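Next come the chains, spelled out residue by residue.
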Amino acid sequence: HNLDVPTKKATFGMACFWAPDALFGATLGVVRTRVGYCGGTKNNPTYRSLGDHTEAIDIDYDPNVITYSQLLELFWQNHDPTARNKLQYTSIIFYHDEDQKEAADKTLKDQQKRHKASIVTKVIPFKEFFDAEDYHQKYRLQQHPWLCSEIGVGKTSPLLKSSHLAARLNGYIIGQGGVAQFNKEAEQLGLEGQVRDYVRKLVEENEGNGLIC
Ligand code: MHO
């Protein structure tokens, strides 16, 4: 997969942002991810002082490999859109254009038929995204300091938000993407030797475990 391509954006609130960071990071066609705060009015929110913002995942994807509809499907399948959570963890689709809005509204209607409880998901225009603190970016990957150091991603490195490899590994190490996809993709990602084996063992151990937060 050539990463030097024009990308499109998708932004979702789906409760604790560590989980969708891993989910989308390991999804083919997703180029990079970042977590942050979105949807509110407070300027420069932080994790400890979030104001009226919601935890959100911001995705750059290659529309020739994955469609917005496919991303929406993952959105609906990987959180509870009927949960009446506090604002920090509420369910939101931040649309970037009218096509995204239309697709979101349509899928929301379809989803409602599959749920007894009302869906609380808001569909609102994307305005501004405030990056979360570095320690929240690629959170699962950062629990593996040896791996981070092998791939050159330090605790304050800009690569935490820009690296395709970091996005991928952050998903793979909790089993997202699965072993078959990992084996196909490892070479393309430039993984070999000890690093490849370290990650492969974790994918094998964790495949099927689902998302954790
Ligand atoms: N279970 C975690 C959620 C953090 S999330 C980024 C905690 O309670 O700290 O909101």
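Thresholds applied
Residues numbered from 1 in each chain as written. Predicted model: local features only at pLDDT ≥ 70, side-chain atom pairs only at ≥ 80, totals over all residues. Heavy atoms only, no water. Near = heavy atom within 4 Å. Polar contact = N/O pair within 3.5 Å; in protein donor to acceptor, adjacent residues only side chain to side chain. Areas by Shrake-Rupley, 256 points an atom, 1.4 Å probe, with all protein chains shown as cover. Nonpolar A, V, L, I, M, F, W, Y, C, P; charged D, E, K, R; others polar. Axes fitted to C-alpha atoms, helices over the stretch in contact; angles between N-to-C directions. Helix = DSSP H or I, 4+ residues; strand = E, 2+ residues; numbered from the N terminus. Left-handed = near helix turned anticlockwise from the far one by under 90°. Contact = heavy atoms within 4.5 Å. 1 Å grid on protein atoms, 1.4 Å probe; cavity = no way out; pocket = protein on both sides within 12 Å on 5 of 7 lines; lining within 4 Å. Points joined across faces, edges and corners; volume = space filled by probe spheres on them. Buried < 20%, exposed > 50% of the residue type's maximum accessible area, 1.4 Å probe, protein only. Pairing = 2+ DSSP bridges. Core = buried A, V, L, I, M, F, W, Y, C linked by side-chain atoms within 4.5 Å. Lys, Arg positive; Asp, Glu negative; His and termini not counted. Salt bridge = Lys/Arg side-chain N within 4 Å of Asp/Glu carboxyl O.

(A) How the structure looks around the site of the ligand. The full set of residues close to the ligand is Cys-16, Phe-17, Trp-18, Tyr-47, Glu-55, Gln-88, Tyr-89 and His-136. Within the side chain of Glu-55, one N or O atom sits 2.6 Å away from an oxygen atom of the ligand. In the complex, the protein chains occlude 64% of the 310 Å² of accessible area that the ligand would expose alone. For the shell around the ligand, the per-class residue count stands at five nonpolar, two polar and one charged.

(B) Quick peek at the packing of helix H2 (residues 68-77) against helix H3 (residues 98-114). Their axes nearest at 10 Å, the elements H2 and H3 cross at an angle of 40°. Here the hand of the crossing between H2 and H3 comes out right-handed. Within the contact between the two elements, H2 uses Tyr-68, Leu-72, Glu-73, Trp-76 and Gln-77 and H3 uses Gln-100, Ala-103, Ala-104, Thr-107, Leu-108, Gln-111 and Arg-114. Taken together, the residues that form the contact of H2 with H3 break down as six nonpolar, four polar and two charged.

(C) Region of the structure containing the layout of surface pockets. By volume, the largest pocket amounts to about 160 Å³. As for the largest pocket, its lining consists of Gly-39, Gly-40, Thr-41, Lys-42, Asn-43, His-53, Ile-124, Pro-125, Lys-127, Glu-128 and Phe-130. Partitioned by chemical class, the residues of the lining of the largest pocket number three nonpolar, five polar and three charged.

(D) Quick peek at the pairing of strand S1 (residues 8-14). Most of S1 is tucked away: five of the seven residues are buried. Across five bridges, S1 lies against strand S3 (residues 54-61) in antiparallel orientation. If you follow Phe-12 over to S3, its bridge partner there is Ile-57. Direction of pairing for S1 relative to strand S4 (residues 91-95): antiparallel, over a ladder of four bridges. Bridge pairing links Thr-11 to Phe-94 in S4.

(E) Region of interest: the nonpolar core. Membership of the largest hydrophobic core comes to 27 residues, with the highest contact counts inside it found for Phe-12, Phe-24, Ile-59, Tyr-68, Leu-71 and Ile-93. Secondary structure elements with two or more residues in this core: S1, helix H1 (18-25), strand S2 (30-38), S3, H2 and H3. With five residues, the single largest contributor to this core is H2. In contact with Phe-12, other than residues within four places in its own chain, are Phe-24, Glu-55, Ala-56, Ile-57, Ile-59, Tyr-68, Leu-71, Leu-72, Phe-75, Ile-92, Ile-93 and Phe-94. Grouped together as the second largest cluster of nonpolar side chains are 20 residues, Leu-147, Ile-151, Leu-165 and Phe-182 included.

(F) Molecular detail of unusual backbone geometry. Located in the positive-phi region is Ala-15, a residue other than glycine, with phi close to 70°. Relative to the helices and strands, Ala-15 resides in the loop between S1 and H1. Ala-15 sits in the partly exposed class, given a relative accessible area of 23%. The residue Lys-138 is not glycine, and still its phi comes out positive at about 50°. Take Lys-138: it is sitting in the loop between strand S6 (129-131) and helix H4 (145-150). Judged by its relative accessible area of 0%, Lys-138 falls in the buried class.

(G) Spotlight on the side chain of Arg-140. Tracing the chain through its elements places Arg-140 in the loop between S6 and H4. Nearest to the buried, unbridged Arg-140 among oppositely charged side chains is Asp-21, at 8.8 Å. Setting aside residues no more than four positions away along its own chain, Arg-140 makes contact with Trp-18, Asn-170, Ile-173, Ile-174, Ile-212 and Cys-213.

(H) Spatial organisation of the pattern of salt bridges. Across all of its chains, the model carries 14 salt bridges by this definition. Residue Arg-34 pairs with Asp-131 through a salt bridge whose shortest N-O separation is 2.8 Å. Taken as a pair, Arg-34 in strand S2 and Asp-131 in strand S6 lie far apart in primary sequence, 97 residues in all. You can call Asp-131 partly exposed: its relative accessible area is 29%. Among the ionic contacts, a cluster of salt bridges with common partners joins Lys-9, Arg-32, Asp-58 and Asp-60.

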